[in-house]
Amino acid sequence: MNTRALFLSGSAAAGALTMLLLASPAGAQTRKLEKRFVVDGKPLVILHNPSGRILVKAADRNEVVVKGQYAGNRIVVEIEQADNRVEIVTRLAGPTSSSSPDFRADFEITVPTEAELQVRTDSGSVTVESVHGDMSFDTVAADLALQDVEGYLVIKSVGGSLICSRCGGRLDATSISGSFQLLQPLLNHVRLQTSSGNIFFDGDFLSRGIYVMKSYSGTIEVRFSNQDSFDLRATSLYGLVVNQAPVVQDARRVPSPPPGMARSLVGSVKQGQARVELSSFNGTIKISKRE
Amino acid sequence: MHCEHFEEMLAQQPDGPLPLEAADHLDACLRCRLLRDDLQAIQVAAQEWGSEEPVPPPRVWAAIQVQLQAHGLIAQPSPHGRGLYLQPAAAKGWFAGGWNWASRLELAGAYVLLFLVAAGLAGYQTVPVADPLDRPGTTAQVSRGALDGLGPALDGNMQRVVASFAEYDGSVALSLRQNLTIVDNLIAVCEKTVREHPGDPLAREYLYGAYQQKADLLAVAMDRSTLEIK
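Model, not experiment: these values are computed from the prediction.

Participant: Kindly report on the overall build of chain B, identifying the contributing residues and their values.
Facilitator: Across its full length, chain B holds ten helices and two strands. Secondary structure elements of chain B occur, N-terminal to C-terminal, as α-α-α-α-β-β-α-α-α-α-α-α. Counting over 230 residues, chain B shows a buried share of 47%. Looking at chain B alone, contacts between residues at least 24 apart form 68% of all its contacts between residues at least 6 apart. Here chain B has roughly 10900 Å² of accessible surface; of this, 58% comes from carbon and sulfur atoms.

In structure tokens, the structure reads:
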């Protein structure tokens, strides 16, 4: 077994680069790393990790702590700090032509509460807890769980799903087959689109909030409470619109329904303080009353 | 001559005759022939669109540029150069050097075409892409003839990209294939709806959205691909 750790120093602008190059025979033992980086209050943490479990959690400390674990014999983890940015990149060493079934690394990263995150991964899972900075996620098949986060949340997924619990701020999420679940959200701007995945929104529509949810074949279900006040526009070309909300049609406040064959429900609940737009190609739209 | 050198020559003389050295390389390198053929196909398609509208609408190109930049396929134009610049391979890929400019250029062309297909089928009436230069708005209709044959070519490119994933992560390849099937089915259903209800703006909007999803999926696949010059 041969383990090398290279510490490269660059210019002040480039910051410090830590490269851990692990080379070991096939069937190597699990490798672990732990690095700490002192940062200011709102650092940017970038993580590129193709496969594995990622957990990001917040702490009231001005440091980023990266703990990693991987077993691949050709995995390289590069961690770089430049000013207030910490970037973690996992990649394979050597030629790309050989089979690499063990290209997987797990990370547990602790960041300051106000940290910004940029996470790119392909498979596995990503969990973020209690971080209150803007964050973006770019995944293929990885599932995403956000808990008690707040900020501008941007999610691009091909097949991964999202469960967002007590999320605040603004959320833009797109997927092809991934589903979205928003539980007890405190979001004032929501834009969700999925093709075959389902959308489930169970929470309050905040005053002046905008909630746009679109699917092609998946089900969209939103649950409202007696206190909610919103303008509603629900349109499905071929699917059903099932409504339990006391919608009052008011042409003065809401544009008329689109022409054509779509099934539409347009109107207001109470004063219409929020705007809710639900649209589907042939999926079912449910507007349900919360129990 | 190496492929990289050939690409530079091709970029410098896209329309003119190639130097002898480059022509020799073209005879010997299937990879570069495919690249040249794709570029010529793009050129032909552009000329066909141009025959209907002598000056390409600025908004069309601005929209393409915005889309390509948004997906990280190109960087901002260099102040020292001209045209659009592709990002270095090491900037984004999982594998250092695993993604090269030639592959990106070729598949970026496919992405452009796919985007144009979507825009053309939507009649540009539902494309809310703002012109960053705030130039006067124009509308364009891409002729159906120009689009013939693009579908299979794009699907071929997509299959090549997805095939390269088998060496690296089977679950990613599987996910991409499954989602490609979903989007293709979606496009088929939406096209049928548009044919049956040509006047329905919602149906056209969904069709446009489906094509855009395929373009996005292709961009994701390109970004993760390990295709390289053989």
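Participant: Explain the overall build of chain A to me, using residue names and the numbers behind them.
Facilitator: Along its length, chain A carries zero helices and 24 strands. When each of the 291 residues of chain A is scored for burial, the buried share is 52%. Excluding contacts between residues fewer than 6 apart, the proportion of contacts in chain A whose partners are at least 24 apart in sequence is 49%. Per element, the accessible surface of chain A, about 12500 Å² overall, is 48% carbon and sulfur.

Participant: Outline empty space enclosed by the protein, supporting the account with residue identities and numerical values.
Facilitator: Residue and element names in this part refer to chain A. Inspection of every chain in the model, using the stated rule, returns two cavities of 30 Å³ or more. Thr139, Ala142, Leu144, Ile155, Ser157, Gly160, Ser161, Leu162 and Phe180 are the residues that line the largest cavity. Looking at side-chain class alone, the lining of the largest cavity contains five nonpolar, four polar and no charged residues.

Participant: Talk me through the packing of helix H9 (residues 170-196) of chain B against helix H10 (residues 201-224) of chain B; I want residue IDs and the actual numbers.
Facilitator: Residues and elements named next belong to chain B. Contact geometry for H9 and H10: axes closest at 9 Å, N-to-C directions at 160°. Between H9 and H10, the angle falls in the class roughly antiparallel. Between H9 and H10 lies a crossing whose hand is left-handed. Residues Leu176, Asn179, Leu180, Val183, Asp184, Leu186, Ile187, Cys190, Glu191, Thr193 and Val194 of H9 form the contact with H10, whose participating residues are Ala203, Arg204, Tyr206, Leu207, Ala210, Tyr211, Gln213, Lys214, Leu217, Val220 and Ala221. Considering only residue class, the contact of H9 with H10 consists of 15 nonpolar, three polar and four charged.

Participant: Please give an account of the pattern of salt bridges that cites residues and values.
Facilitator: Side-chain pairs of opposite charge can arise where the charged atoms are in close proximity. All names here are of chain A. Scanning all chains against the criterion turns up 17 salt bridges over all chains. Note that Glu221 is salt-bridged to Arg223, the shortest N-O span being 3.2 Å. Overall, Glu221 belongs to the buried group, its relative accessible area being 15%. One salt-bridge network, held together by shared partners, links Glu34, Arg36, Arg61 and Glu63.

Participant: I'd like a description of the side chain of Asp228 of chain A, backed by residues and values.
Facilitator: All names here are of chain A. Secondary-structure assignment places Asp228 in the loop between strand E19 (220-224) and strand E20 (230-236). In this structure, Asp228 is buried with no salt-bridge partner, the nearest side chain bearing the opposite charge being Arg290 at 4.4 Å. At a separation of 3.5 Å, a polar atom in the side chain of Asp228 contacts the main-chain amide nitrogen of Phe205. Separated by 2.9 Å, the side chain of Asp228 and the backbone nitrogen of Ser225 make a polar contact.

Participant: Outline the pairing of strand E12 (residues 150-157) of chain A, listing residues and values.
Facilitator: Residue and element names in this part refer to chain A. Of the pairings in the sheet, the one linking strand E10 (residues 135-139) to E12 comprises five bridges and is parallel in character. What sits directly across from Asp138, in E12, is Lys156. In the sheet, E12 pairs with strand E14 (residues 168-174) via seven bridges, with the strands oriented parallel. Paired with Val154 across the two strands is Asp172, which belongs to E14.

Participant: Any chance you could break down the pairing of strand E8 (residues 105-112) of chain A for me, citing the residues and the numbers?
Facilitator: Residue and element names in this part refer to chain A. Among the eight residues in E8, seven count as buried, and that is most of the element. Relative to E8, strand E4 (residues 44-59) runs parallel, the two being bridged by six bridges. Among the inter-strand pairings, Lys57 is bridged to a residue of E8, identified as Thr110. In this sheet, E8 lies alongside strand E5 (residues 63-70) in antiparallel orientation, the contact comprising six bridges. Each residue of the ladder has a partner; that of Gly68, found in E8, is Phe107.

Participant: Give a description of the packing of aromatic side chains that names residues and reports values.
Facilitator: One pass over the full model with this rule turns up nine aromatic pairs over all chains. Summarising the aromatic geometry, the rings of Phe205 of chain A and Tyr211 of chain A are spaced 5.0 Å apart at their centres and angled 65° between planes, so their arrangement reads as edge-to-face. Both residues of the pair, Phe205 of chain A and Tyr211 of chain A, count as buried. Three or more aromatic residues link up through ring pairs in this structure, and these residues are Phe201, Phe205, Tyr211, Phe224 and Phe230 of chain A. When the ring centre of Tyr206 of chain B is taken as origin, the NZ or CZ atom of Lys214 of chain A, which lies over that ring, is 4.9 Å away.

Participant: For unusual backbone geometry, give the residues involved together with the corresponding values.
Facilitator: The bulk of non-glycine residues show a negative phi, and the bulk of peptide bonds are trans. For Arg166 of chain A, which is not glycine, the phi dihedral falls at a positive 55°. Judged by relative accessible area, Arg166 of chain A falls into the partly exposed class, the value being 34%.

Participant: Mind laying out the nonpolar core, listing which residues take part and the relevant values?
Facilitator: Counting residues in each nonpolar core, the largest one holds 63 residues, and the members touching the most others are Ile88, Val128, Leu146, Leu278 and Ile287 of chain A. With near-sequence residues (within four places) excluded, Ile88 of chain A lies in contact with Val45, Ile46, Leu47, His48, Val66, Val77, Glu78, Ile79, Phe107 and Ile109 of chain A.

Participant: Tell me about the environment of Thr181 of chain B, and name the residues and values.
Facilitator: Looking at where Thr181 of chain B falls in the secondary structure, it is placed in helix H9. Judged by its relative accessible area of 43%, Thr181 of chain B is partly exposed.

Participant: Mind laying out the environment of Val269 of chain A, listing which residues take part and the relevant values?
Facilitator: By the secondary structure assignment, Val269 of chain A is in strand E22 (residues 263-269). With 130 residues separating them in the primary sequence, Val269 of chain A and Thr139 of chain A have C-alpha atoms 37 Å apart.

Participant: Please provide a residue-by-residue account of the confidence of the model for chain B, values included.
Facilitator: Residue and element names in this part refer to chain B. For chain B, the mean per-residue pLDDT works out to 63, and 40% of the residues sit at or above 70. Segment residues 49-56 is flagged for pLDDT under 50; beyond a separation of four residues in sequence, or across chains, it makes eleven contacts in the model. Under the prediction, the complex receives an ipTM of 0.84, its pTM being 0.71.

Participant: Break down helix H2 (residues 20-28) of chain B for me, with residues and values.
Facilitator: Helical geometry note: an α-helix holds 3.6 residues per turn, so side chains three or four residues apart project in the same direction. Residue and element names in this part refer to chain B. Of all the positions in H2, only Ala22, His25 and Leu26 are classed as buried. Along the axis of H2, the buried residues cluster in a sector spanning 105°; they form a single face. Relative to its buried face, H2 has exposed residues pointing more than 90 degrees away, namely Leu20, Asp27 and Ala28.

Participant: How would you sum up H9 of chain B? Please name residues and give values.
Facilitator: An ideal rise of 1.5 Å per residue puts 39 Å on 27 residues; H9 of chain B measures up with 39 Å between its terminal C-alpha atoms. Val172, Ala173, Ser175, Leu176, Asn179, Leu180, Val183, Leu186, Ile187, Cys190, Thr193 and Val194 of chain B are the residues of H9 of chain B that are buried.

Reading guide: rules and limits
- Residues numbered from 1 in each chain as written.
- Chains lettered and ligands numbered in written order.
- Predicted model: local features only at pLDDT ≥ 70, side-chain atom pairs only at ≥ 80, totals over all residues.
- Heavy atoms only, no water.
- Helix = DSSP H or I, 4+ residues; strand = E, 2+ residues; numbered from the N terminus.
- Buried < 20%, exposed > 50% of the residue type's maximum accessible area, 1.4 Å probe, protein only.
- Contact = heavy atoms within 4.5 Å.
- Areas by Shrake-Rupley, 256 points an atom, 1.4 Å probe, with all protein chains shown as cover.
- 1 Å grid on protein atoms, 1.4 Å probe; cavity = no way out; pocket = protein on both sides within 12 Å on 5 of 7 lines; lining within 4 Å.
- Points joined across faces, edges and corners; volume = space filled by probe spheres on them.
- Nonpolar A, V, L, I, M, F, W, Y, C, P; charged D, E, K, R; others polar.
- Axes fitted to C-alpha atoms, helices over the stretch in contact; angles between N-to-C directions.
- Parallel < 35°, antiparallel > 145°, perpendicular 65-115°, else oblique.
- Left-handed = near helix turned anticlockwise from the far one by under 90°.
- Salt bridge = Lys/Arg side-chain N within 4 Å of Asp/Glu carboxyl O.
- Lys, Arg positive; Asp, Glu negative; His and termini not counted.
- Polar contact = N/O pair within 3.5 Å; in protein donor to acceptor, adjacent residues only side chain to side chain.
- Pairing = 2+ DSSP bridges.
- Phe/Tyr/Trp six-rings, centres within 6.5 Å; stacked < 30°, edge-to-face > 60°.
- Lys NZ or Arg CZ within 6 Å of the ring centre and 35° of its normal.
- Core = buried A, V, L, I, M, F, W, Y, C linked by side-chain atoms within 4.5 Å.
- pLDDT = per-residue confidence, 0-100.
- Arc of directions from axis to C-beta.
- Expected span 1.5 Å × (residues − 1).

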